[in-house]
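Residue-level structure breakdown
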Amino acid sequence: MQPLSSRPDTTPDSRQALLDVDDLVVDYGVHEPVRAVDHVSLRVRRGEFVGIVGESGCGKSTLLYAVARLLSPPARIVSGQVDFAGHQMVQLTEDELRPIRWRDYSVVMQSAMNALNPVLSIGAQLRDAMAAHERVPAAQMRQRSEEVLRLVGIDPIHLTSYPHQLSGGMRQRAMIAMALVFRPDLIIMDEPTSALDVVAQRSLMRRVKALQEEFGFAVLFVTHDMSLVSHYSDRLAIMYAGQMVELGPTREVFAHARHPYSTGLLGAFPSLRGERRELTGIPGAPPDLRHPPRGCRFQPRCPKVMDVCREDPPPYQVGGTDLVRCHLYGPDASERQESR
Ligand SMILES: Nc1ncnc2c1ncn2[C@@H]1O[C@H](COP(=O)(O)OP(=O)(O)OP(=O)(O)O)[C@@H](O)[C@H]1O
């Protein structure tokens, strides 16, 4: 692997980025801030499906919401850039964001019940979303609403239904229908299936993947469900304590995880297709982000810890299409391992 610490996700096939997150830092609060996103860089190409995983509290949702510019105080973007299709997202004002939100990128949240308006029918919510962006004649609005509901597998009869009249799976599909109404280039999804049973999860994800293949939008997807990302994402990003520790093609990360945290995380989930094996898990708990440990953030829990890990934060190591942030893969890694 070639060391290249300053700009991690510069892999050869990631040049045509639709979304380019560069060295993003997000804090909650000012006095003793919680640094929820710590110098994260990530590129998403057009039509690509990128999954983000990591233990609870590692900053996945904060990263998504920062990209979508949906954070509110006490959260604040401290530094870094987010280039989305040429828009410098960090600098845009609310007025400048309005025309591109929903039209060029949309967001599907964890719980549709909270995201949908309980006192408006699905049809009225679709109409409102369209009316906020363009002057569409009523007949055309109805036609487009019916079309997007059909796309997500909901009978257009439900245009007159209210959210509470739909099942959980149908509400999530309705949210995806709203996210699709303008055929955006990017859909950001924060655990869109976590409230659903396994059958509804799989059916929703199959639908999202089919739509993605048909329309070519990119997906940035946060989940706790390893089997979902293993099936649907092209690349997988693994976060730990606010930092991205590994990124690579999903199959490669699953087959040959490099970072000891990734190995632990993947070892904590049953393999769907592989042989039966004992689940291992990761002893200990993630650090308090107000006082992260010195050196590598994972070192207090790492089974492969070396002296250098307790002193120096590891730089990113980039090679081919993947990156890892671990001293085991630095330029002098072999000497270090020998002296362990
Ligand atoms: N409003 C807030 N004020 C202070 N700290 C916050 C706030 N919201 C989140 N945090 C902190 O920011 C960190 C990242 O939270 P975030 O929700 O982004 O993590 P996550 O990986 O998405 O977790 P989960 O998987 O549980 O949704 C956490 O340590 C959390 O305690």
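Note that the coordinates shown come from a computational prediction; the quantities given were computed from them, not determined experimentally.

1. Examining the overall build of the protein
If you tally the helices and strands in the protein, you get twelve helices and 13 strands. Buried positions account for 42% of the 340 residues belonging to the protein. Once local pairs closer than 6 in sequence are excluded, the contacts in the protein between residues at least 24 apart make up 66%.

2. Observations concerning the pairing of strand E9 (residues 218–222)
Of all five residues making up E9, five are buried, and the element is well covered by its neighbours. Because side chains alternate across E9, one face comprises the buried residues Ala218, Leu220 and Val222, and the other comprises Val219 and Phe221, equally buried. Relative to E9, strand E4 (residues 49–53) runs parallel, the two being bridged by four bridges. Note that in E9 the partner of Phe49 across the bridge is Val219. Across five bridges, strand E8 (residues 186–190) lies against E9 in parallel orientation. Bridging from a neighbouring strand, Ile188 pairs with Leu220 of E9.

3. Focus on the site of the ligand
Tyr28, Ala36, Ser56, Ser61 and Thr62 are the nearest of the 14 residues found near the ligand. Considering every element that reaches the shell around the ligand, the biggest residue donor is helix H1 (residues 60–67), with three residues. Tallied by class, the residues present in the shell around the ligand amount to six nonpolar, seven polar and one charged.

4. A closer look at the environment of Lys209
Along the polypeptide, Lys209 turns up in helix H7 (residues 198–215). Linking Lys209 and Ala174, residues 35 residues apart in sequence, is a C-alpha distance of 16 Å.

5. Description of the sheet that holds strand E5 (residues 75–84)
With antiparallel pairing, the four strands of this open sheet are ordered in space as E3-E2-E5-E6. At either end of the open sheet lies a strand with only one pairing partner, and these are strand E3 (34–45) and strand E6 (87–88). Relative to E6, E5 runs antiparallel, the two being bridged by two bridges. For Asp83, the partnering residue across the bridge sits in E6 and is Gln88.

6. Remarks on the pairing of strand E11 (residues 243–249)
Successive side chains on a regular strand alternate, one facing one side of the sheet and the next facing the other. Taking burial as the measure, the seven residues of E11 include six buried ones, the bulk of the element. In the sheet, strand E10 (residues 235–240) pairs with E11 via six bridges, with the strands oriented antiparallel. When the sheet's bridge partners are listed, Ile238 is paired in E11 with Glu246. Once E10 ends, the chain turns through two residues before running back antiparallel as E11, passing Ala241 with a positive phi of about 50°. Pairing of E11 with strand E13 (residues 322–324) involves two bridges; the strand directions are antiparallel.

7. Here we look at the confidence of the model for the protein
Overall, the prediction assigns the protein a mean pLDDT of 86, with 87% of residues at 70 or greater. In the model, residues 1–6 has pLDDT below 50 throughout and makes 15 contacts with residues more than four positions away in sequence or in other chains. What the predictor reports for the complex is a pTM of 0.89 with an ipTM of 0.97.

8. Considering helix H4 (residues 122–131)
By the burial criterion, the buried members of H4 are Ile122, Gln125, Leu126, Arg127, Ala129 and Met130. Buried positions along H4 lie against helix H5 (138–151) and helix H6 (168–180).

9. Things to note about the nonpolar core
Ranked by size, the top nonpolar core spans 92 residues in total, and within it Leu19, Val67, Ala177, Leu186, Ile188 and Leu220 carry the most contacts. Excluding its chain neighbours within four sequence positions, the residues that come into contact with Val67 are Leu19, Val21, Val82, Met89 and Ile188.

10. Digging into helix H10 (residues 260–267)
Owing to its 3.6 residues per turn, the α-helix brings residues three or four apart onto one side. Within H10, the full set of buried residues consists of Pro260, Tyr261, Ser262, Gly264 and Leu265. Residues of H10 that are buried sit in contact with E4, E10, E11 and helix H9 (250–255).

11. Quick word on unusual backbone geometry
For the bond running from Pro73 to Pro74, omega is 10°, close enough to zero to count as cis. As for its placement among the helices and strands, Pro74 is situated in the loop between H1 and E5. Its identity is not glycine, yet Arg69 carries a phi of approximately 55°, on the positive side. Within the secondary structure, Arg69 sits in the loop between H1 and E5. Residue classification places Arg69 among the buried positions, given that 21 C-beta atoms sit within 10 Å. Positioned with a positive phi, Ala85 is a non-glycine residue whose angle comes to about 45°. Assignment of secondary structure puts Ala85 in the loop between E5 and E6.

Calculation notes
Residues numbered from 1 in each chain as written. Predicted model: local features only at pLDDT ≥ 70, side-chain atom pairs only at ≥ 80, totals over all residues. Helix = DSSP H or I, 4+ residues; strand = E, 2+ residues; numbered from the N terminus. Buried ≥ 20, exposed ≤ 12 C-beta atoms within 10 Å, placed from the backbone. Contact = placed C-beta atoms within 7 Å. Pairing = 2+ DSSP bridges. Near = placed C-beta within 6 Å. Nonpolar A, V, L, I, M, F, W, Y, C, P; charged D, E, K, R; others polar. pLDDT = per-residue confidence, 0-100. Core = buried A, V, L, I, M, F, W, Y, C linked by C-beta atoms within 7 Å.

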